[in-house]
Amino acid sequence: MDIDNPRSEQPAATLPAKPNFQPLKAHEISDGHVQFRKVTVPQHRYTPLKKVWMEIYNPIYEQMKIDVRMNLKKRRVELKTRTDTPDISNLQKCADFVHAFMLGFDVCDAVALLRLDELYVDSFEIKDVKTLRGEHLSRAIGRLSGKGGKTKFAIENATKTRIVIADSKIHILGSFLNIKIARDSLCSLILGSPAGKVYSKLRAVTARAEML
C-alpha cells in the first residue's frame, strides 16, 4: 500500500544568508558613553610618579589608546576611553597598571599587566597570618626580606613573581598559581619557619609546578 508523503513534494527551504556584523568599537559597546577610572596617589608615591610620568603615560596613551591625566588638585590619576580605544577592557588594565605602581612596583614590572591577561596583584597583611606587635613584627618583616633582600629575591626568582613589602603590607604581582606559591612561602616565614626550610620546600613546589 502506497502512502503519499506530502513533505517529499515540497521544495527544500533556502536559508537566508548569514549576517556579517562588524565588531563593535569600545565607545559603541557602552552606547557612546565615556568610561572613567580614577586611581588615588598616596602621599609617598607622588614624587616617584613625577619622575616616571612619561614611562606611565606613553604605554597608556599610545599603545592602549586611553586618555590619562594627573589631577593635581585631587591628587589622583584619571583615565577615560576614547573613540579609537580598541577594547573596553584596556581601561581596567590601565587602572590596574597605575594602581600597581602606587603599591610600590617598578614601572618595568607593572607594565606587564598591560600585555598579559593572566597577571594579577594580590595583597595581604602580616596580621592576617599571625598577630604580631612591636619587635616580633619587626623581626617577621626582617625574615621576609632577608639580609640585603636576599630572601625576597630568592622567592621572586623561584616563583617568577614580584614582591613589595611595605611595612606590614605585602603585595605580590604574578600569575594565580605563582602568587599562591609565593604567598605560602611568605606565610611560612611569618609563622617562624627558618629560611633554609622554606627554600627547600619552595624548590620542591616549583619543580612540581613546572611539570604541570
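Nothing here was measured: the structure is a model prediction, and the numbers come from that model. Numbering of residues begins from 1 in every chain and follows the order in which that chain's sequence is written. Thresholds applied to this predicted model are a pLDDT of at least 70 for local features of residues and 80 or more for the giving and counting of side-chain atom pairs; totals over whole chains, interfaces and linings are not thresholded and use all residues. Note: side-chain values were computed over all heavy atoms of the structure, leaving out hydrogens and water.

Novice: Now, about the overall build of the protein chain: what can you tell me, with residues and values included?
Specialist: The way it works is that DSSP assigns letters per residue, a run of H or I at least four long becomes a helix, a run of E at least two long becomes a strand, and they are numbered from the N terminus. Each helix and strand in the protein chain was counted, giving 12 helices and six strands. Type-normalised accessible area, obtained with a 1.4 Å probe on protein chains alone, sets the label of each residue: buried when under 20%, exposed when over 50%, and partly exposed for intermediate values. Sorting the 212 residues of the protein chain into buried and exposed places 36% on the buried side. By definition, residues are in contact when any of their heavy atoms lie within 4.5 Å. In the protein chain, once contacts between residues fewer than 6 apart in sequence are set aside, the share between residues at least 24 apart is 58%. A 1.4 Å probe and the Shrake-Rupley method give the accessible areas. Residues count as covered only by the protein chains that appear here. For the protein chain, the exposed surface amounts to about 14,100 Å²; the carbon and sulfur share of it is 53%.

Novice: Before we move on, could you go through the sheet that holds strand E5 (residues 162-166) and cite the residues and values that matter?
Specialist: Only strands that DSSP links by at least two bridges are regarded as paired with each other. Read across the sheet, three strands follow the order E4-E6-E5 without closing on themselves; strand pairing throughout is antiparallel. The sheet is open, and its two edges are formed by strand E4 (119-125) and E5, each paired on a single side. Recorded for the sheet is a direction-independent mean angle of 15 degrees between the axes of neighbouring strands. Here E4 pairs with strand E6 (residues 169-175) via seven bridges, running antiparallel. Bridging across to E6, Ser-123 finds its partner in His-171. Structural elements are reduced to axes, namely lines fitted to C-alpha atoms, with helices fitted over the stretch in contact, and the angle between N-to-C directions of any two is expressed from 0 to 180 degrees.

Novice: Break down the pairing of E5 for me, with residues and values.
Specialist: Where E5 and E6 come together, five bridges link them in antiparallel fashion. Opposite Val-164, over in E6, you have His-171 as the bridge partner. The turn linking E5 back onto E6 is made up of two residues, and Asp-167 within it adopts a positive phi angle of 60 degrees.

Novice: Account for the packing of aromatic side chains, with residues named and values stated.
Specialist: Each aromatic pair joins two rings of Phe, Tyr and Trp (for Trp, the six-membered one) with centres within 6.5 Å, and gets the label stacked for planes under 30 degrees apart, edge-to-face for over 60, and tilted for any other angle. The final tally for this structure, using the stated rule, is two aromatic pairs. A centroid spacing of 6.3 Å and a plane angle of 40 degrees characterise the contact between Trp-53 and Tyr-57, whose relative ring orientation is tilted. With a gap of four residues between them, Trp-53 and Tyr-57 both fall in helix H4 (residues 53-63), about one helical turn apart. Arranged with centres 5.4 Å apart and planes meeting at 10 degrees, the rings of Tyr-57 and Tyr-61 form a pair that is stacked. Residue Tyr-57 and its partner Tyr-61 are both found in helix H4; the two are separated by four residues, about one turn of the helix.

Novice: Help me get a handle on helix H12 (residues 195-211), residues and values and all.
Specialist: Helix length check: H12 (17 residues) gives 25 Å between terminal C-alpha atoms against 24 Å at 1.5 Å per residue, within 8%. What H12 keeps buried is the set Val-198, Leu-202 and Thr-206. For H12, the angular spread of buried residues about the axis comes to 60 degrees, placing them on one side. Facing away from the buried side of H12 by over 90 degrees, the exposed positions are Lys-197, Lys-201, Arg-203, Arg-208 and Met-211. To estimate how far a helix should extend, the number of its residues minus one is multiplied by 1.5 Å. Working definition: the arc comes from the directions between the helix axis and the C-beta atoms, pointing outward to the latter.

Novice: Go over the sheet that holds strand E2 (residues 66-71) with me, naming the residues and quoting the values.
Specialist: Read across the open sheet, the three strands follow the order E1-E3-E2; overall the sheet is antiparallel. Strands with a single pairing partner mark the edges of an open sheet, and in this sheet they are strand E1 (36-40) and E2. The average undirected angle you get between the axes of adjacent strands in this sheet is 20 degrees. Of the strand pairs in this sheet, E1 and strand E3 (residues 76-81) are connected by five bridges, and their pairing is antiparallel. Across the sheet, the residue bridging to Thr-40 is Arg-76, located in E3. Packed on one face of the sheet, H4 meets E2 and E3 and runs near 150 degrees to E2. Docked against the sheet, helix H5 (residues 89-103) engages E1, E2 and E3, running at close to 5 degrees with respect to E1.

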